[in-house]
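Okay, here's what each chain looks like letter by letter:
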Protein chains: 2
Amino acid sequence: MKKLINAVGDVVPDTLRGMAAAHPSLRVDVENRIVLRASGPTSGKVGLVSGGGSGHEPLHAGFVGFGMLDAACPGEVFTSPVPDQMIEATKAVDGGAGVLHIVKNYTGDVLNFEMAAELCADEGARVLSVLVDDDVAVRDSTYTAGRRGTGATVFVEKMAGALAEQGAPLEAVAAMARTVDDRSRSFGVAFSAGTVPAAGKPTFDLGPAEIELGIGIHGEPGRSRERFREARELVRLAMDALNTDLPFSGDVLVMVNGMGATPLMELYVAYGEVDAYLREKGATATRCLVGNYVTSLDMAGFSITTCLLDAELTSLWDHPVETPGLRWGR
Amino acid sequence: MKKLINAVGDVVPDTLRGMAAAHPSLRVDVENRIVLRASGPTSGKVGLVSGGGSGHEPLHAGFVGFGMLDAACPGEVFTSPVPDQMIEATKAVDGGAGVLHIVKNYTGDVLNFEMAAELCADEGARVLSVLVDDDVAVRDSTYTAGRRGTGATVFVEKMAGALAEQGAPLEAVAAMARTVDDRSRSFGVAFSAGTVPAAGKPTFDLGPAEIELGIGIHGEPGRSRERFREARELVRLAMDALNTDLPFSGDVLVMVNGMGATPLMELYVAYGEVDAYLREKGATATRCLVGNYVTSLDMAGFSITTCLLDAELTSLWDHPVETPGLRWGR
């Protein structure tokens, strides 16, 4: 295992120390594993808290900042953070307008965020939660009851974050987060597995011409193992899966996401195919992200996430954002 | 070879088609392989043109936009673009204040850009060139006479681009580009080789616990093959090489760059070590980039590029930039 790390047990704190050094816009509590905006809670604004296992960077800590999250709670690699982190983060970002928890649908994350929300409520905080469950590949998986939460998390954090920044109340921000999740779908394809540092070997094995269709972001099995094919066909397989679940129409936000070890060049090749596919279906990719946003350590492969836009969602997408992982237009 | 591509011969045009679809801020001439700002030449502004082999994305096409390049000329993978592309690009971006060619020091790129500049001058254009040669690993290499041009290209394009945007004359923009190159140094480390699509197999072989110190961005040999070590030691080896060549002092701009297959998490771990190293030397990392900026297809590994800042350079670094690969603050 050749990883650019120190001791296996120090990966998460070392990552956080690096983020703290790199981004003065963040306040990073390395010991308690909480990443906050350095500017502190925004008075009168709904606070947004997310979190999940590490290894998916820039998700979530890279999306802390103006227009997106107020706090992120990173767990160990591919492991849920604990309620104490979530409670501390919730308290730290509460600017008096309540706090929204954005939770990817994995059993551990769901349980821990539920416990944290209850304990915060007991202390008088107003907390709502929204579950992200956009991955159409499988209904249940190793880590989940129901659909897995993957790429749509970026869309939910961005658009709910924009609405919160505009001063909307907690219920409206939560409703928008649910709307974005409802309109979003994801599908992933793995070319090779990532290696969890503590395990020291790849999560699964694929033959030299084999791929996993519908891969999960922790390397969970997808729908099937298939022979490798050209980008056009792989994109079509993924887009067909999305279109079957929620047919494309109108304006579409697209993310072509690298799993960690896929070059940007190849992601652009795939994006060209996505764009062509949508045209064929009479839809239009009006907004996009092409790059590494929800990674799976050093997995090679890609995922496609789409969201059916309307005027309001487009405007929230275009709202200024200023985070290490995503920024434009302020 | 599992690459997210269609036919091997279509990689570059397919990439450009994807970029065109993804970024309406760019005007992409897929046939002639030129990437321009959609807004056209900026009247009275010095035009900045760069280019080089493909496979290093987002370099260079991803750095076309406000505050950085006016045009990029992508060659085939790891192959210089041809003079015709450079001539077309130079004409297209000339807003009446002359054009600067930013050329990474590889024999093919240098010859072709020289030829293009001469032919443009024959037609009455004012063209200056600046050579980027920041890689301290080796003096000559497979592709170069003298030092290789690598990560400092991003710094040169950014800071010369900012000065051009502020209306400085051609000579001043060229001088600034040279200053940035003079103050910048790079060193790369490979964990595994990338695969050129047309070759179909990795450029070189490394053992399971072996690394290449001083790797070039095309997989050219570096200084030595060594055993794999923890991040702290690898960063120290790289930083020692930089510090020996140009001792660190004062404010330093740092890029911790992924070669294509290295997760962001690990780059942050490395950045933490870079930050600590500079403190030890009495210098301070006041600005940074952590991510994939000058990649080598799917090579695993990292490079560190540093630039000794002063007030003017810091101000140029902070100048707004709006490109697919880099953006802030407009």
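Residues numbered from 1 in each chain as written. Chains lettered and ligands numbered in written order. Predicted model: local features only at pLDDT ≥ 70, side-chain atom pairs only at ≥ 80, totals over all residues. Heavy atoms only, no water.

Per an unreviewed UniProt entry, chain A is named Dihydroxyacetone kinase subunit DhaK, and its organism is Herbidospora galbida.

*Asks:* So what exactly am I meant to see when it comes to the pattern of salt bridges here?
*Replies:* As a working rule, side chains carrying opposite charge can pair if their charged atoms are close by. With the rule as written, the count across this model stands at 42 salt bridges over all chains. A salt bridge links Glu273(A) to Arg232(A), with the shortest nitrogen-to-oxygen separation between them at 3.2 Å. Of this pair, Glu273(A) sits in helix H7 (residues 264-280) while Arg232(A) sits in helix H6 (residues 231-245), placing them 41 residues apart in sequence. Residue Arg232(A) is classed as partly exposed on the basis of its relative accessible area of 38%. The partner of Lys91(B) in a salt bridge is Glu123(B), with the nearest N and O atoms 3.4 Å apart. Here Lys91(B), found in helix H2 (residues 83-93), pairs with Glu123(B), found in the loop between helix H3 (107-122) and strand E6 (127-132); they are 32 residues apart in sequence, far enough to count as distant. (Salt bridge = Lys/Arg side-chain N within 4 Å of Asp/Glu carboxyl O. Helix = DSSP H or I, 4+ residues; strand = E, 2+ residues; numbered from the N terminus. Buried < 20%, exposed > 50% of the residue type's maximum accessible area, 1.4 Å probe, protein only.)

*Asks:* Looking at this structure, I do not really get the interface of chain A and chain B. What am I missing?
*Replies:* Interfaces are often described in size by the accessible area the parts lose on coming together. Counting residues at the interface gives 57 residues for chain A, matched by 57 residues for chain B. Between chain A and chain B, the buried area comes to about 4400 Å², and carbon and sulfur atoms account for 63% of it. Summed over the three residues of chain A that lose the most area to chain B, namely Lys2(A), Leu4(A) and Met265(A), the buried surface amounts to 22% of that side. Across the chain A-chain B interface, the total number found is 2 salt bridges. Here Glu266(B) makes a salt bridge to Lys3(A), at a shortest N to O gap of 3.5 Å. For the interface between chain A and chain B, the tally reads 19 residue pairs in polar contact (both at pLDDT 80 or more). Every element with two or more residues in the side of chain A that touches chain B is listed here: helix H1 (11-22), strand E8 (210-213), H6, H7, strand E11 (284-291) and strand E14 (327-328) of chain A. Among the elements that line the side of chain A that touches chain B, the one with the most residues is H7(A), at 11 residues. Partitioning the side of chain A that touches chain B into residue classes produces 32 nonpolar, 12 polar and 13 charged. (Contact = heavy atoms within 4.5 Å. Buried area = accessible area lost by both parts, 1.4 Å probe. Polar contact = N/O pair within 3.5 Å; in protein donor to acceptor, adjacent residues only side chain to side chain. Nonpolar A, V, L, I, M, F, W, Y, C, P; charged D, E, K, R; others polar.)

*Asks:* Teacher, can you tell me more about the UniProt feature "domain: DhaK" (unreviewed entry) in chain A here?
*Replies:* In this structure's numbering, the residues bearing the UniProt feature "domain: DhaK" (unreviewed entry) are residues 7-328 of chain A. Taken as a whole, residues 7-328 of chain A contains 33% helix and 25% strand, while its terminal C-alpha atoms sit 36 Å from one another. (UniProt positions renumbered as here; feature names shortened; annotations may be inferred.)

*Asks:* Help me understand the relation of the copies chain A and chain B, please; the structure alone is not making it clear to me.
*Replies:* The two chain copies are connected by a rotation around an axis plus a translation along it. Structural alignment of chain A on chain B gives an RMSD of 0.0 Å, achieved by rotating through 180 degrees and translating 0.0 Å along the axis. Viewed as a symmetry operation, the transformation between the two copies matches a two-fold axis. Minimal C-alpha distance to the rotation axis in chain A is attained by Ala261(A), lying at 1.8 Å. A symmetric contact is evident, with 100% of the interface residues of chain A recurring at the interface of chain B. (Least-squares fit on C-alpha atoms with pLDDT ≥ 70 in both.)

*Asks:* Please clarify how the sheet that holds strand E5 (residues 99-104) of chain A should be interpreted in this entry.
*Replies:* Strand pairing in a sheet relies on backbone hydrogen bonds. The paired strands run either parallel or antiparallel. Residues and elements named next belong to chain A. The strand order across the open sheet built from 6 strands is E1-E2-E4-E3-E5-E6, with neighbouring strands paired in mixed fashion. In this open sheet, the two strands that pair with only one neighbour each are strand E1 (26-29) and strand E6 (127-132). If you compare each strand with its neighbour and ignore which way they point, the axes differ by 20 degrees on average. Across 4 bridges, the pairing between strand E3 (residues 47-54) and E5 is parallel. Bridge pairing links Leu48 to Leu100 in E5. Seen against the sheet, helix H5 (residues 170-182) touches E3, E5 and E6 and runs at an angle of roughly 5 degrees to E6. (Pairing = 2+ DSSP bridges. Axes fitted to C-alpha atoms, helices over the stretch in contact; angles between N-to-C directions.)

*Asks:* So what exactly am I meant to see when it comes to the packing of H6(A) against H7(A) here?
*Replies:* Packed helices, taken two at a time, are described by the angle their axes make and the gap between the axes. All names here are of chain A. Direction vectors running N to C along H6 and H7 enclose 50 degrees, while the axes themselves pass 9 Å from each other. The orientation of H6 with respect to H7, classified from their angle, is oblique. Between H6 and H7 lies a crossing whose hand is right-handed. From H6, Ala231, Arg232, Val235, Arg236, Met239, Asp240 and Asn243 reach across to H7, where they touch Val269, Ala270, Glu273, Val274, Tyr277, Leu278 and Glu280. In the contact of H6 with H7, the residues fall into 8 nonpolar, 1 polar and 5 charged. (Parallel < 35°, antiparallel > 145°, perpendicular 65-115°, else oblique. Left-handed = near helix turned anticlockwise from the far one by under 90°.)

*Asks:* Which parts of the structure should I look at to understand the domain arrangement of chain A?
*Replies:* Residues and elements named next belong to chain A. Entries for chain A in the domain assignment read domain 1 (11-180) and domain 2 (184-308). Here the C-alpha centre of domain 2 lies 24 Å away from the C-alpha centre of domain 1. Tallying the contact residues gives 29 residues for domain 1 and 31 residues for domain 2. Summed over both sides, the interface between domain 1 and domain 2 buries roughly 2400 Å², with carbon and sulfur atoms accounting for 66% of that surface. In terms of surface lost to domain 2, no three residues of domain 1 exceed Phe78, Val136 and Phe155, which account for 26% of the buried area on that side. At the junction of domain 1 with domain 2, the criterion picks out 1 salt bridge. (Domains from an automatic or database assignment.)

*Asks:* Mind showing me how you'd approach the nonpolar core here?
*Replies:* Burial of nonpolar side chains together is a common tendency in soluble globular proteins. Within the largest apolar cluster, 198 residues are counted, with the highest numbers of intra-cluster contacts made by Val154(A), Met159(A), Val254(A), Val154(B), Met159(B) and Val254(B). Apart from the residues within four sequence positions on either side, Val254(B) is in contact with Phe155(B), Tyr271(B), Val274(B), Leu278(B), Ala285(B), Arg287(B), Cys288(B), Leu289(B), Ile304(B), Thr305(B) and Thr306(B). (Core = buried A, V, L, I, M, F, W, Y, C linked by side-chain atoms within 4.5 Å.)

*Asks:* When you look at helix H8 (residues 311-318) of chain A in this model, what are you seeing that I'm missing?
*Replies:* An α-helix turns once per 3.6 residues; consequently, residues spaced three or four apart project the same way. Residue and element names in this part refer to chain A. What H8 keeps buried is the set Leu313, Thr314, Leu316 and Trp317. Take H8 and look down its axis: the buried residues cluster within an arc of 160 degrees, on one side only. Against helix H4 (152-165), H5, strand E10 (251-258), E11, strand E12 (300-308) and E14 lie the buried residues of H8. Sitting at the head of H8, Asp310 places a side-chain oxygen 3.1 Å from the backbone nitrogen of Glu312. (Arc of directions from axis to C-beta.)

*Asks:* Sorry, what's going on with the side chain of His319(B) here?
*Replies:* Among the structural elements, His319(B) can be located in the loop between helix H8 (311-318) and strand E13 (321-322). A residue is classified by how much of its surface remains accessible, and His319(B), at 14% relative accessible area, is buried.

*Asks:* Hey, could you run me through the pairing of E1(A) in this one?
*Replies:* Looking along a regular strand, one sees the side chains alternate between the two faces of the sheet. Alternating positions in E1(A) separate cleanly, Leu26(A) and Val28(A) being buried on one face and Arg27(A) and Asp29(A) remaining unburied on the opposite face. Taking the residues that link successive antiparallel strands as the turn, the E1(A)-strand E2 (residues 34-37) of chain A hairpin has 4 residues, and the phi of Arg33(A) there is positive, at about 60 degrees.

*Asks:* Looking at this model, I keep getting lost on the packing of aromatic side chains. Mind explaining?
*Replies:* The geometry of an aromatic ring pair is captured by the separation of the ring centres together with the interplanar angle, meaning the angle of the planes. Residue and element names in this part refer to chain A. Following the criterion strictly, the structure yields 12 aromatic pairs over all chains and no others. Between Phe248 and Tyr277 the ring centres are 6.2 Å apart and the planes differ by 85 degrees, which places this aromatic pair in the edge-to-face class. One end of the pair, Phe248, is in the loop between H6 and E10; the other, Tyr277, is in helix H7, and 29 residues separate them in sequence. Here Phe248 and Tyr277 have matching classes, each one buried. (Phe/Tyr/Trp six-rings, centres within 6.5 Å; stacked < 30°, edge-to-face > 60°.)

*Asks:* In this structure, what is going on with the sheet that holds strand E9 (residues 224-227) of chain A? I would like to understand it.
*Replies:* Residues and elements named next belong to chain A. Across the sheet, which stays open at both edges, the 6 strands sit in the order E9-E8-E7-E12-E10-E11 with mixed pairing between neighbours. Edge positions in the open sheet fall to E9 and E11, since each of these has one partner strand only. Put simply, the sheet's adjacent strands are angled 20 degrees from each other on average, direction ignored. The sheet contact formed by E8 and E9 spans 4 bridges and is antiparallel. By the bridge assignment for E9, Glu210 is matched with Arg227.

*Asks:* Please explain the pairing of strand E5 (residues 99-104) of chain B as it appears in this structure.
*Replies:* Residues and elements named next belong to chain B. With 6 of its 6 residues buried, E5 lies for the most part within the structure. Because side chains alternate across E5, one face comprises the buried residues Val99, His101 and Val103, and the other comprises Leu100, Ile102 and Lys104, equally buried. Relative to E6, E5 runs parallel, the two being bridged by 6 bridges. Across the sheet, the residue bridging to Leu100 is Leu128, located in E6. In this region the chain leaves E5, passes through H3 and returns to the parallel neighbour E6; the handedness of that crossover is right-handed. (Right-handed = clockwise from strand over helix to strand, strands pointing away.)

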